[in-house]
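Architecture at a glance
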Amino acid sequence: MAAPPLLSLSLPTTRLPPKASSFSPARAASSAQPPPDGAGPAAPSRGDRFLGTQLAAEAAARVLAPEDAERRRRRREKRKALARKPSAAACYGCGAPLQTAEEAAPGYVHPATYDLKKRHHQLRTVLCGRCKLLSHGHMVTAVGGHGGYPGGKQFVSAEQLRDKLSYLRHQKALIVKLVDIVDFNGSFLARVRDFAGANPIILVITKVDLLPRDTDLNCIGDWVVEAVVKKKLNVLSVHLTSSKSLVGITGVISEIQQEKKGRDVYILGSANVGKSAFISAMLRTMAYKDPVAAAAQKYKPIQSAVPGTTLGPIQIEAFLGGGKLYDTPGVHLHHRQAAVIHADDLPSLAPQSRLRARCFPANDTDVGLSGNSLFWGGLVRIDVVKALPRTRLTFYGPKKLKINMVPTAEADEFYEREVGVTLTPPAGKEKAEGWVGLQGVRELQIKYEESDRPACDIAISGLGWIAVEPLGVPSSNPDESAEEEDNGSGELHLGVHVPKPVEIFVRPPLPVGKEASQWYRYQELTEEEEELRPKWHY
């Protein structure tokens, strides 16, 4: 039986009256006026309106929240600094960008060699022409300007090298800062935080093998830590090392592995402090257990006697567990002797063997120092204005620089006659004619209170130091010696002349030699002070 059909009902629809809207004369007037930027083709696009809104918001943010604007400015600086981070196509020996245009300049590679290495993705294995010359003993300088060198070839300024390190403070890295023990004050980099930022620092003292024989490294370590505390530099620890004898290298490697935590490791220091030699010693030590470090030895940075060998950060694959090792350009400082002498005279400033004390007057002479002047090569003059009869000055520095003593009344004439001849560097009359001279003078009044130890050291930036011993010469008269020691205190007057702008530092005496362990006094510290001080190792 068929189902009945469904019925559809159609209901009438009713329209509601439109809602009444309130009338606004101002709205009507605004709608009647044309857009201020025009209509049709002249009307602003959606992009123009969006850009205008953004610019207005940024302007308001600068007015209402200046700290936000400062934060944005710092971010822009960080992006710019990171953009200056060097590319990978650089010489593995010096870090200079590879180039094929200028044959005499750093980073030069023959075009055919460059194309071949680039085609096979082997640019990391390329050594530039300058590095090949340096490896064969040639003195090829490249750094001039403020802190660079007045002679030789100059392809880059000291300021440009410092600028290449500006990105470091924005990196999350572990900084290994190197200081030369022979030039401790001159190579310290007092403003190292300008480069390192807030990154942790391990302090490494290099070239301890150059200290005089029988030096107690316990005394040296305590002396260095005390100096670091006075300079208010917060470091993780202090290591005494020698890249030549490998003293202390294992301890540095162990701490780096413990503290790097996946971060990159940057070796930082002033020019010619021994960064490349230190990296070579690290790789040689690590190679016994680490195959990555063993492979990295084949393409390690070039070592040479020329300060400024490294011209750009050099990336080294040295660690198994993440993070890379970087050799960085040395920071060239205008207050060191290397910044004022000719490039040809640079080797004379580098000690080649263990330092030996050179004493004036010697033990077997009765000549007093008062009224005399001592010349240390052509670079330093010391006028002894007032001193005890047994006062002695002991020189520690390069053996190539001879020491001469003349009466102060004849010192000016002697220097003018002998500079470039007997008093070298500068070596040769031609260099002496353009020599800046000893224009910087510092008058020193040195007080001493103990007769059984040096009163202080006079450190010459970039050269070495002079130990001032008020009662250093043994007396042949025991009664006279006892009387002087009973007095126990006094004052010495010296005038020290150096080239401008070389700096002179007066510091506590560095405890070197066999006798130093007898007169050196360790600091008496509370348990809290001992805990806060960085530990030293060797």
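Keep in mind it's a predicted model, so treat the numbers as computed, not measured.

Examining the overall build of the protein chain
Of the regular secondary structure elements, the protein chain holds 16 helices and 19 strands. Each of the 538 residues in the protein chain was classed as buried or not, and the buried ones make up 47%. A separation of at least 24 residues holds for 74% of the contacts in the protein chain among residues at least 6 apart in sequence. About 28,600 Å² of surface is accessible on the protein chain, with carbon and sulfur atoms providing 52% of the total.

A short note on unusual backbone geometry
Note the cis peptide between Thr 424 and Pro 425, where omega equals -10°. Tracing the backbone shows Pro 425 in the loop between helix 12 (411-418) and helix 13 (429-433). Cis geometry is found at the peptide bond from Lys 500 to Pro 501, where omega equals 0°. Residue placement: Pro 501 occurs in the loop between strand 17 (490-498) and strand 18 (504-507). Of note, the phi angle at His 121 is positive, near 55°, even though the residue is not glycine. Along the polypeptide, His 121 turns up in the loop between helix 4 (111-119) and helix 5 (129-135).

Description of the pairing of strand 3 (residues 173-180)
A large share of strand 3 lies buried, amounting to 8 of its 8 residues. Neither face of strand 3 is left uncovered, since the one carrying Ala 173, Ile 175, Lys 177 and Val 179 and the one carrying Leu 174, Val 176, Leu 178 and Asp 180 both have all their residues buried. Relative to strand 6 (residues 264-269), strand 3 is paired through 6 bridges, and the arrangement is parallel. In the sheet register, Leu 174 faces strand 6, and the bridge partner there is Val 265. In this structure, strand 3 lies alongside strand 4 (residues 201-206), joined through 6 bridges in parallel fashion. The residue bridging Val 176 from the neighbouring strand is Ile 202, located in strand 4.

Notes on the sheet that holds strand 7 (residues 314-316)
If you trace the 7 strands from one edge of the open sheet to the other, you get 7-8-6-3-4-5-19, paired in mixed fashion. Edge positions in the sheet fall to strand 7 and strand 19 (535-537), since each has one partner strand and no second. The mean inter-strand angle of the sheet, taken between neighbouring strand axes irrespective of direction, is 25°. Sheet topology places strand 7 next to strand 8 (residues 325-327); 3 bridges connect them, and they run antiparallel.

Regarding the confidence of the model for the protein chain
Per-residue pLDDT for the protein chain averages 85, and the proportion of residues at 70 or more is 86%. Predicted confidence for residues 4-35 stays below pLDDT 50, and this span has 1 contact to residues more than four positions away or in other chains.

Section: the layout of surface pockets
Its boundaries defined by the atoms lining it, the largest pocket holds a volume of some 1,100 Å³. Lining the largest pocket are 50 residues, with Lys 207, Asn 272, Gly 274, Ser 304 and Ala 350 positioned closest to its centre. A total of 6 residues in the lining of the largest pocket trace back to one element, the largest contributor, which is helix 10 (residues 275-286). Looking at side-chain class alone, the lining of the largest pocket contains 21 nonpolar, 20 polar and 9 charged residues. Composition of the lining of the largest pocket by domain shows at least three residues from each of domain 2 (158-333) and domain 3 (343-473 + 488-511). In this structure, the second largest pocket spans a volume of roughly 610 Å³. Residue lining of the second largest pocket: 29 residues in total, with Arg 392, Pro 454, Glu 469, Glu 515 and Trp 519 positioned closest to the centre. Split into classes, the residues belonging to the lining of the second largest pocket amount to 13 nonpolar, 6 polar and 10 charged.

Here's the deal with the pattern of salt bridges
Summed over the entire model, instances satisfying the criterion amount to 15 salt bridges. In this structure, Asp 383 and Arg 381 form a salt bridge, with 2.9 Å as the shortest nitrogen-oxygen distance. Comparing Asp 383 with Arg 381 shows no difference in burial state: the two are buried. With a closest N to O distance of 3.7 Å, Arg 521 and Asp 452 form a salt bridge. Residue Arg 521 is located in the loop between helix 15 (516-519) and helix 16 (527-532), and its partner Asp 452 is located in the loop between strand 14 (440-448) and strand 15 (456-460); the two are separated by 69 residues in the primary sequence. The class of Arg 521 is partly exposed, set by a relative accessible area of 40%. Several salt bridges share partner residues, and in doing so they unite Glu 450, Asp 452, Arg 453 and Arg 521 into one network.

Definitions and cut-offs
- Residues numbered from 1 in each chain as written.
- Predicted model: local features only at pLDDT ≥ 70, side-chain atom pairs only at ≥ 80, totals over all residues.
- Heavy atoms only, no water.
- Helix = DSSP H or I, 4+ residues; strand = E, 2+ residues; numbered from the N terminus.
- Buried < 20%, exposed > 50% of the residue type's maximum accessible area, 1.4 Å probe, protein only.
- Contact = heavy atoms within 4.5 Å.
- Areas by Shrake-Rupley, 256 points an atom, 1.4 Å probe, with all protein chains shown as cover.
- Pairing = 2+ DSSP bridges.
- Axes fitted to C-alpha atoms, helices over the stretch in contact; angles between N-to-C directions.
- pLDDT = per-residue confidence, 0-100.
- 1 Å grid on protein atoms, 1.4 Å probe; cavity = no way out; pocket = protein on both sides within 12 Å on 5 of 7 lines; lining within 4 Å.
- Points joined across faces, edges and corners; volume = space filled by probe spheres on them.
- Nonpolar A, V, L, I, M, F, W, Y, C, P; charged D, E, K, R; others polar.
- Domains from an automatic or database assignment.
- Salt bridge = Lys/Arg side-chain N within 4 Å of Asp/Glu carboxyl O.

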